[in-house]
Structure formats: C-alpha cells, structure tokens
Amino acid sequence: MKTTVAKILMALVAVLVLAAPQAVQAKELTGDLEIFSWWAGDEGPALQALIDIYKKQNPKVDVINATVTGGSGVNAKAVLKTRMLGGEPPDSFQVHSGQELIGTWVKADRMEDLTPLFNEQGWMDVFPKGLIKLIGTDKGIWSVPVNVHRSNVLWYIPANLKKWGVEVPKTWDEFFAIAPKLKAAGVTPLALAQNWTANHLWESVALASLGADNWDALWAGKLKFDSPEGVKAWELFGKVLEYTNSDATSLSWQQATDMVIDGRAAFNIMGDWAAGYMTTTKKLVPGQGYGWEASPDTEGEFLFLADSFGLPKGSPHRDNALTWLKLLGSKEGSDTFNPLKGSISARTDSDLSKYNDYLQSAAADFGKDRVVGSLAHGVAANETFMGGFASVMEMFLKTRNPMAAGKACAQLAKKSGI
Ligand code: BGC
C-alpha cells in the first residue's frame, strides 16, 4: 500500500516538474501594437531605439509606429481626438503628464488605471513623488512617464557669439542691450518658428517676468491673468518679439534651430529636444558645438514637462500595449531612449554615465532648481485652455495688445476651470 502511494506521489511530482517550465513561461505575444505619437522624422531616433528593443523581446508582434508630424503635437493631438471620440483608439499614445492627461483624457474617462502595473514593477519607488502626483488622481495612475524635458533653455553656438563679440545674456535687459548690435550685423537676435513655439517662448518670458511663485499662482487660480503682473508678462513678451524673425510662422522648430546653427540667428529658446536634434541629428558636441543657458531671468528655475504613454480604454491589443508600457518605464528602456531624445530619465535611478554633458547638467539642475510646470507642453492647463490660448496668441502676434491678451486669458481660465 505504502509503495503504491509513494509511486503515485513520485509520478505526480514528475508531472509537476515537467510541467513547471511551461507554467512560468509567459505566453508569446503576437498580433499588432500600434503606438501613436508626434515623434516623426528628426524626432524619431529615440522612439525607434525603444521599438527595436521591443521587437527583439517580442519578435512576433508587428509594431505600427503611427506618427503625425508637427512639433509639440499640434497635428497629432487633433488626429488622436478624432480617433478616440470615434471609438478607434491606438493601443498606446503619447500624452504629456499633468493637465493634458488628467484634465482631458482621464476626466473624459477614456484611460485605464495603471496602478497594478506600477505596483508590480515597483515604480512607486523609482519615479519622483511629484511626478506620480501629476499622472495620478485619487482613482488611479494613468500613464507611464518616459522622460523629463526642460522648456526654459537658451541655445547658441559659442563660435558664432565669439565672432559677433557678444556674451550669453543672463537677463532680458542684457539681451535687449546686445540685440540691436546683432540686428545691425544682419543677424536675427532670437529665432522663432510656427505659433506653438510662440507659446513656448511665452512661457519662458512669463516665468521670467512673474517669478516662480506667481507662475504657480496663475495656474492655481490665485493670480488673475489680467492683474498688473499678468499683463506685464505680455508686455515683456511683446518687446522680445521685436527681435525675432518675420517668417516665423512658416518654420518648424528644427528650422528655427537651424537658423542658430547656421549663424543666421544668435539664440533660440526651445525645449531640450533641441539638444537631441543638435546632438543626434546634427552631430554637434554639447558644450563645444553648441551651448546652453537657462533662458534670461530664469536661472535656478526648471520649467518642466514629461512625455508619457497611456493605455486607452478599448486598446485593441491590450497585452501588447502593457508590455510596451513595461519597457517604457524600465531602467533599460529609459536609459536607451533619453540620451538620444535630449531628455533626462524620469526614474531616480538612471545611469548618468550614459548621458552627455548637456543632459548631466540638466539632471543636476532638476535635482536642485525650483521645478515649475510647463503650459505649452501640457503640465499646467488642460486642452480647453490650450485650444483657447492658441487663439489668444494668434491675436497677440497680430495686435500686440498686452491688456487684451491678459483679459482674454482671464476669461479662458474661468471657462476651463482654473
Ligand atoms: C514634447 C517633446 C517633443 C517636442 C517637439 C513636446 O511637446 O514633449 O517630446 O520633442 O514637443 O515636438
């Protein structure tokens, strides 16, 4: 009797041991994965590096890299909206952390809660608390941050400044002192591109004019846009615009950066994707081929934004998308993507030896500066405000009326719940 029981037990153990490898082996993923973003063309190499890793890990998945050209998502966001409202979401899409995510897609109940993924991957401990707050509500966590970008950066070419005999301006007064000299030499003092880059320039100028406390107060609804401080920011912006190129609206941000590289313009205020462009695409060496400084009067302040990817409800290939999100949030994914993108990792444990001099300086600043949220890139306000702000900007570029712009923004803030 004993031996029979022992035999049965041994046979069972053998079956379990043989079956075990299959039980722990994850199911091989197949089918499509459609990723939607605006990282097209020159903006593509960092995303492609992530896709390459994903393909290696999941060779049977067909990755559809759906991109819509247009800096800061100007065109992509409109296409995404049509698809989401039409019930045809991609598997995963790029969205800025902050109000663009929470005040738009989460509010409309279009996203899946990723809290289980964050717990499973131990991400609650590796992403900064402040960032988790921006992608979360009391009901869940709604996207996976892939980077941290800085908006308030002034770019220049050291050799050109030397040739023209000008120094990097630390304040707007210093800029106004050298700008006429540059203009007289046939050089555009500050390169500007299509209208979203005017929003981008506006936020650096407004931060300089208002200071970080008042900047935060604007978005918390504690300081009015048509207050003397709010209007003064538009006044300074109008003055800065006097020194930009007249063909701005027809240029992409890369073309405005090219003006600086080619010596047609002295400076450009752009997010540090410009560092990615100058390093990865243009092969310039940070610190030698190109230089940077906090935009005038914003030293010690880090105007921040973070790209992230979410999982829309109804994602057609949900498992494939979850595996994509796992890769995005991983240390390997992050430290592969960011050095090419011109951004720093959103993780606190990234391997800085993989990052160039510019990015190491950005990481150091992010650690010690006062961090405030970008308007132009989704942190501070939702899409309702941003849509209206684009019209205010268009009006201002034509009329240059600070009071009218301040008043229009004040109305917009009311309408969009600020
Ligand atoms: C995004 C960046 C992108 C830039 C230019 C920003 O809104 O956050 O990732 O490089 O737009 O397209």
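Along each chain, residue indices are assigned from 1 in the same order as the chain's sequence is written. With the structure being a predicted model, the display of local features is reserved for residues of pLDDT at least 70 and the display and counting of side-chain atom pairs for 80 or more, all residues being used for whole-chain, interface and lining totals. Here the side-chain values reflect all heavy atoms present in the structure, with hydrogen atoms and water set aside.

A.B. asks: Sorry if this is basic, but what is going on with a negative patch on the surface here?
C.D. replies: On the surface, a cluster of negative charge is contributed by Glu167, Asp173, Glu174 and Asp297. Secondary structure counts use DSSP, requiring at least four H or I residues in a row for a helix and at least two E residues in a row for a strand, with both numbered from the N terminus. With respect to the element layout, Asp173 can be found in helix H8 (residues 172–184). For Asp173, a relative accessible area of 59% translates into the label exposed. The patches reported here contain residues having more than 30% relative accessible area and no salt bridge. Joining distances are 9 Å for like charges and 5 Å for nonpolar side chains (Val, Leu, Ile, Met, Phe, Trp, Tyr). Each accessible area is a Shrake-Rupley result for a 1.4 Å probe, and residues are judged covered by the shown protein chains and nothing else. Within this document, salt bridges are pairs made up of a side-chain nitrogen of Lys or Arg and a carboxyl oxygen of Asp or Glu, the two lying within 4 Å of each other. Asp and Glu are treated as the negative residues and Lys and Arg as the positive ones, with His and the ends of the chain left uncounted. Taken as the charge centre is NZ of Lys, CZ of Arg, CG of Asp or CD of Glu, depending on the residue. We call a residue buried when its accessible area falls under 20% of the maximum for its residue type, exposed when it is over 50%, and partly exposed in between, using a 1.4 Å probe and counting protein chains only.

A.B. asks: Would you mind showing me how to read the sheet that holds strand E8 (residues 153–156) here?
C.D. replies: Either a parallel or an antiparallel arrangement is found when strands of a sheet pair, and the pairing is made through backbone hydrogen bonds. Ordered by their spatial adjacency, 4 strands build an open sheet running E9-E10-E8-E11, and the pairing between neighbours is mixed. Strands at the two margins of the open sheet, each flanked by one partner only, are strand E9 (188–191) and strand E11 (291–294). Sheet twist, expressed as the mean angle between neighbouring strand axes with direction ignored, is 25°. Whether two strands pair comes down to DSSP finding at least two bridges between them. Where E8 and strand E10 (residues 265–269) come together, 2 bridges link them in antiparallel fashion. Residue pairing in the sheet places Trp155 in a bridge with Asn268 of E10. Note on definitions: a residue-residue contact is assigned when non-hydrogen atoms from the two residues lie within 4.5 Å. Under this scheme, a helix contributes an axis fitted over its contacting stretch, all axes are lines through C-alpha atoms, and angles between N-to-C directions fall in the 0 to 180 degree range. Contacts between H8 and the sheet are confined to E9 and E10, with E9 contributing the most and set at about 125° to the helix.

A.B. asks: How should I be thinking about the pairing of strand E13 (residues 307–310) in this particular structure?
C.D. replies: Look at any regular strand and the pattern is simple: side chains alternate between the two faces of the sheet. Neither face of E13 is left uncovered, since the one carrying Asp307 and Phe309 and the one carrying Ser308 and Gly310 both have all their residues buried. Where strand E3 (residues 92–96) meets E13, 4 bridges bridge the pair, whose relative direction is antiparallel. Across the sheet, residue His96 finds its bridge partner in E13, namely Asp307.

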